[in-house]
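Summary of the model geometry
Listed here are the chains, written in short residue letters.
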Amino acid sequence: VDPDERQAAASYERLRHLQTISEAALAHLRFDDLIAELLGRVTGVLSADTAAVLLVDEATNELVATAAKGLEEEVEAQVRIPVGRGFAGRIAAERHAIALDDVQHADIFNPILREKGLQSMLGAPLLVQGGVIGVLHVGTLTPRTFTDDDAELLQLAADRIALAVDHSRLYESERRAAEQLRRLEAVTEAALAHLALDDLLDVLMVRVRALIGADTVVVMLVEDDGGELVTRATLGAEPALEGARLALGEGFSGTVAAEGRPLVIEDVRSSDLLTPRLRDTRLGSMIAVPLLVSGRVTGVLGLGTFERRAFAEEDVDLIQRAGDRIALAIENSRLYEAERQARADAEAAFEQIRRIESIAEVALHHITLDDEILERLLTRVRDVLDADTAAVFVADESSQTLVARAAKGVEEGEVERGVEVPVGRGFAGRVAERREPVVVTDVSTIEVVSPFLRERIHSLAGVPLVVEDRMLGVLHVGTRERREFTADDVALLQLAAERLAVAIDHSRLYAREHFVAATLQRSLLPDRLPEVPRARVASRYLPGEGEAVGGDWYDVMPLRDGTYALAMGDVVSRGIRAASVMGQLRNALRAYALEGHGPAKVLEQLDAMAHTLEGRELATVVYAVFDPSSGVVVYAIAGHPPPLLVRAEGAPVLLDEGRGPPLGALIDSSFEQAQAVVRPGDTLLLYTDGLVERRDRWIDEGLEQMLAYARRSAERAPDELVEELLAELLGAGSTEDDVALLALRSDPATAVLRLTLPADPTVLGSMRQSLRRWLGTVGADEDEAYDILVAATEAAANAVEHAYGPADATFELEGEANGGGGVELVIRDAGTWRPPRGRNRGRGTLLMQALMDEFEVTTGDAGTIVRMAKRLAARLAA
Amino acid sequence: MTDMGSVSFESDGDVVIARLAGEVDLSNAASLGDRLAAAVPNDALGLVIDASATTYLDSSGVGLLFDLASRLRRRQQRLALVVPERSSLMRVLGIVDAASAMPIVATLEDGVARVRADD
């Protein structure tokens, strides 16, 4: 055989072996199956009789047999081999492959190998990032000399196994970490969502209890003066489980607070740490951890179980971590409440400034609400630390630059100049970069960005504003005279910084949420309302001044049959969610309305659709279809305040029929529709509850006030009406809830109707429509209107048919309610009447004469004019 | 809303029934007249026009009815018109004396009976 050919065959064989071991399909196997498969393949490829995997137990530094082929006894016996000893131990210690040609005469630690009758062995280390995690070895029952190629193949298999072991371990620890993280996140997420302390505690306790499956949870907080622990909240336990108050060092919780470390009592009965009361409870085991904020004990979180149980190290760790988060959440919540108070104070102050401003016409535009708060805080910081300046620098979005945001004292000018400091440069920049307090006793020894600091300030102390690892800015104080800031000074400054950071963070989060929701909602309200024939429409939307954006919306849309859809709705939830629900409901309503269903059906479909929305969403809606030609409005209501019909003549009425439950409230709600007539000059008003309902006023009172306004303001144009209603019901003050209003006013009756129409038979129908409506406004009854319509159509038909041939011609129709108790019609065209053609024509004149009281045709050079008049019973009686 | 005229047909044995609904004026009288005439086969006894749902009818419609009556008469077929009593339409028909050209009755049964009558 040609040596080259043999070489090629060997290479091919080797490649095939490599492929056998590193095949991609292996990746899909579970860990155990993968190892078993690899051991099988390794023995096959190397023609070995046994194969085994041993993994290092880090705790004892021993190799433990984990998987084997042909050597299953080794795994069963859980053979442990110290690293460094025997065959496998040496491989692990020396980190490279070792071959044993003669097992029977070698230093073998594991007797099983010899008992099994192995003659030769080859082993390779399992390496992960340079570290040994185990050993893979193969053995033969006949003597054999392993080659370098064999060793290389085995090492390849070992690498593959090492990777699988590593992945599986990583996965396992990832999974455990993720699970813990998820449960801890649940604790933290609650902390963010609820900022009022009591609400916060309610939620947190439930979640903490679920963390380790405890039965009782108690949160005790250290009183402000630091003297005693006071029970703040309990879950599943008597309120005074251990007594409502405990001195530090007293009882179980008191000891935890005093020592600042977690304590576990596995058997409550036999513990000496108990208050008598606690001994009387049915608790079997207890665990408590201190609530720590910046190393200070602020309270104790205690959990108990009725069954006796042992708490693993892991449980204690988990509870302590939950405790840390709760401590922070409670602290944030306290700060937030203080912040809210400060905000209220600042708002009051701002209001005062605004008044002074309006009186003195002094431009104070640069003062904004947030700056007010900041300046108040800074004043406090400066005073407490007895400094000459206190300033806040806020990081921009990229955290690359700090901008002077507010200052109190000698640096105030810096804010006006909008001084910017790059992170990493100058004093503030260094604090931001290091994310830890920096004290400089002599400013002249460091680089400062602002020349101002060098000139006026001698000593500085600065701390970063950090929330959840995000650097938001820097707070610093400075003195004109040389001063060595103490650790206490810095601690105080840090306390203020924590406060400030939370306040800035909250205001940013709030601003972002508010901005997104407001933008979303605004994009969903119509920019412009469509024109409604013979009516005018006006709308107003007033955002609430409350915490979050509301979900009010309205819509006006022409339908295919010439009617108009009017809708107004209010989603119960708030914020971004409300805005998105509102968008979905609005679009769904549009779709159902366009399908041409009546209001009751549309609301039924919308209700069914609301049930499909994620979460439980309630919304109220009023949907109305208005027919401009008749003034008839058909409406249905889903839990919404009743529309108001402001009458031109007569008292205003609330349209409170056709009521059904709110959307999403009940399964299979049914809705009914009702009908009303919007007469000429009447106004139909749709609104949301924000108009009539306020925290300090009952809805009935609001409705009464609205009716009272409507009684005296029937003649208002719709845009005036909505403005005045808002002013009347809401006054100058702000509203918590948002308010939407939509007014449609049917055009008032006009004494005169004037139409210019193309001389085409197809316009006769719409001419009659206009005329019919006008006749209604001037008091013609149904029969009279019919007669006049026929007469007018006859005259118009003559104008169309007889007057002239060519296109582009027009004729005019004029109607006027005359003083004599009737109406007068004039139909005018530019042509000349011709005698009727055909046998059955010419009855038109007969009809006009018979149906009208007066009839006259004048034909001149300018054309033909038909004058007709008819007395109307209603007008004669008036 | 304008509801321009429409017509639908059915038959009651040898009598064709046409339901004329909506508004009839110059714009649609001619085409409606053609459709009505075409709907009556030679072997039918005649046509009943049910105008109960006719909301408007003026001289164009009246002309259509007179035309139709004379066309059917030439074919020795009969025409009857159903119009509710005391309707606005009845006033118009009264003025032009439509009853001189065709029987005008209040119900469909009467209309069919008049077309089948042996007189």
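Right, let's walk through the structure included here. (Residues numbered from 1 in each chain as written. Chains lettered and ligands numbered in written order. Predicted model: local features only at pLDDT ≥ 70, side-chain atom pairs only at ≥ 80, totals over all residues. Heavy atoms only, no water.)

1. A few points about the overall build of chain A
Along chain A, the regular secondary structure elements total 24 helices and 34 strands. Across the 878 residues in chain A, those meeting the buried criterion constitute 49%. Counting only contacts in chain A whose residues sit at least 6 apart along the sequence, the fraction spanning at least 24 positions is 61%. A total of about 41,600 Å² of accessible surface is found on chain A, and carbon and sulfur atoms cover 49% of it. (Helix = DSSP H or I, 4+ residues; strand = E, 2+ residues; numbered from the N terminus. Buried < 20%, exposed > 50% of the residue type's maximum accessible area, 1.4 Å probe, protein only. Contact = heavy atoms within 4.5 Å. Areas by Shrake-Rupley, 256 points an atom, 1.4 Å probe, with all protein chains shown as cover.)

2. Describing unusual backbone geometry
Residue and element names in this part refer to chain A. Residue S47 is not a glycine yet carries a positive backbone phi of 50°. With respect to the helices and strands, the residue S47 is situated in the loop between α2 (31-46) and β1 (50-57). A residue is classified by how much of its surface remains accessible, and S47, at 53% relative accessible area, is exposed. Within the chain, N61 stands out as a residue other than glycine whose phi angle is a positive 55°.

3. Some points on the pairing of strand β29 (residues 739-746) of chain A
All names here are of chain A. Of all 8 residues in β29, 8 are buried, a share of seventy percent or more. Taking every second residue as pointing to the same face, both faces of β29 are buried, with V739, L741, A743 and R745 on one and A740, L742, L744 and S746 on the other. With 5 bridges joining them, strand β28 (residues 683-687) and β29 adopt antiparallel strand pairing. Its bridge partner lying in β29, L684 is registered against L744. (Pairing = 2+ DSSP bridges.)

4. What to know about the packing of aromatic side chains
In total, this model carries 1 aromatic pair over all chains according to the counting rule given. Taking the centre distance of 6.0 Å and the plane angle of 50° together, the rings of Y786(A) and Y56(B) count as tilted. With one member in each of two chains, Y786(A) in helix α22 (residues 782-802) and Y56(B) in strand β4 (residues 54-57) form a pair that bridges those chains. On the basis of relative accessible area, Y786(A) is assigned to the buried category, the value being 8%. Classification of Y56(B) as buried rests on a relative accessible area of 0%. Lying across the ring of Y56(B), R768(A) places its NZ or CZ 3.8 Å from the centre. One cation-aromatic arrangement involves R843(A) over F66(B); the distance from NZ or CZ to the ring centre is 3.7 Å. (Phe/Tyr/Trp six-rings, centres within 6.5 Å; stacked < 30°, edge-to-face > 60°. Lys NZ or Arg CZ within 6 Å of the ring centre and 35° of its normal.)

5. A closer look at the nonpolar core
Judged by nonpolar contacts, the single largest core of 70 residues is most densely connected at L771(A), L775(A), F811(A), M868(A), L47(B), I49(B) and L93(B). The greatest single-element share of this core, amounting to 12 residues, is contributed by α22(A). One finds V532(A), M557(A), F626(A) and A676(A) within the second-largest nonpolar core, a separate group that totals 56 residues. (Core = buried A, V, L, I, M, F, W, Y, C linked by side-chain atoms within 4.5 Å.)

6. Quick notes on the pairing of strand β11 (residues 285-293) of chain A
Residue and element names in this part refer to chain A. The element β11 is extensively covered by neighbouring structure, given that 8 of its 9 residues are classed as buried. Relative to β11, strand β10 (residues 263-265) runs antiparallel, the two sharing 3 bridges. Looking at the pairing, I265 lines up with M286 of β11. The pairing of β11 with strand β12 (residues 296-305) spans 9 bridges and is classified as antiparallel. Within β12, the position partnered with L292 by the bridge is V297. Turn length for the β11-β12 hairpin, with the two strands adjacent in sequence and antiparallel, is 2 residues, and the turn residue S294 shows positive phi of about 50°.

7. Focus on the interface of chain A and chain B
Taken together, the contacts link 30 residues of chain A with 23 residues of chain B. For the pairing of chain A and chain B, the buried interface totals around 2,200 Å² over both sides, and the portion due to carbon and sulfur atoms is 55%. Taken together, the links from chain A to chain B amount to 5 salt bridges. Scanning the region where chain A abuts chain B turns up 9 residue pairs in polar contact (both at pLDDT 80 or more). A total of 10 residues in the side of chain A that touches chain B trace back to one element, the largest contributor, which is α22(A). (Buried area = accessible area lost by both parts, 1.4 Å probe. Salt bridge = Lys/Arg side-chain N within 4 Å of Asp/Glu carboxyl O. Polar contact = N/O pair within 3.5 Å; in protein donor to acceptor, adjacent residues only side chain to side chain.)

8. Focus on the pattern of salt bridges
All names here are of chain A. The final tally for this structure, using the stated rule, is 36 salt bridges over all chains. Two residues, R590 and D555, come together in a salt bridge whose shortest N-O distance is 2.6 Å. One end of the pair, R590, is in helix α16 (residues 575-594); the other, D555, is in strand β20 (residues 551-558), with 35 residues separating them in the sequence. One salt bridge in this structure joins E856 and R867, with 3.8 Å as the shortest N-O distance. Of the two residues, E856 is situated in strand β33 (residues 854-860) and R867 in strand β34 (residues 863-871); the sequence distance between them amounts to 11 residues.

9. As for the sheet that holds strand β4 (residues 98-100) of chain A
All names here are of chain A. Taken in spatial order, the 6 strands make up an open sheet running β3-β2-β1-β6-β5-β4, and their pairing is antiparallel. Taken across any chain shown, the strands that pair with only one partner, and hence form the sheet edges, are β3 (80-82) and β4. Averaged over all pairs of adjacent strands, the angle between their axes in this sheet comes to 25°, without regard to strand direction. As paired elements, β4 and strand β5 (residues 120-128) share 3 bridges and run antiparallel to each other. Paired with L100 across the strands is M121, a residue of β5. (Axes fitted to C-alpha atoms, helices over the stretch in contact; angles between N-to-C directions.)

10. Some words on the sheet that holds strand β9 (residues 245-247) of chain A
Residues and elements named next belong to chain A. Within the open sheet, the 6 strands sit side by side as β9-β8-β7-β12-β11-β10. Their pairing is antiparallel. Both outer strands of the open sheet, β9 and β10, are each paired with one neighbouring strand and no more. Strand-to-strand twist in this sheet, taken as the mean axis angle between neighbours without regard to direction, amounts to 25°. With 3 bridges connecting them, strand β8 (residues 228-235) and β9 associate as antiparallel partners. Across the sheet, residue E228 finds its bridge partner in β9, namely A247.

11. Brief notes about the packing of helix α19 (residues 699-712) of chain A against helix α20 (residues 718-730) of chain A
Packed helices, taken two at a time, are described by the angle their axes make and the gap between the axes. Residues and elements named next belong to chain A. Running from amino to carboxyl end, α19 crosses α20 at an angle of 135°, the nearest separation of the two axes being 10 Å. The pairing of α19 with α20 is recorded here as oblique in orientation. At the point where α19 passes α20, the crossing takes the right-handed sense. Here G702, Q705, M706, Y709 and R712 of α19 lie close against α20, whose contacting residues are E720, L721, E724, L725, E728 and L729. Class assignment for the residues of the contact of α19 with α20 results in 5 nonpolar, 2 polar and 4 charged. (Parallel < 35°, antiparallel > 145°, perpendicular 65-115°, else oblique. Left-handed = near helix turned anticlockwise from the far one by under 90°. Nonpolar A, V, L, I, M, F, W, Y, C, P; charged D, E, K, R; others polar.)

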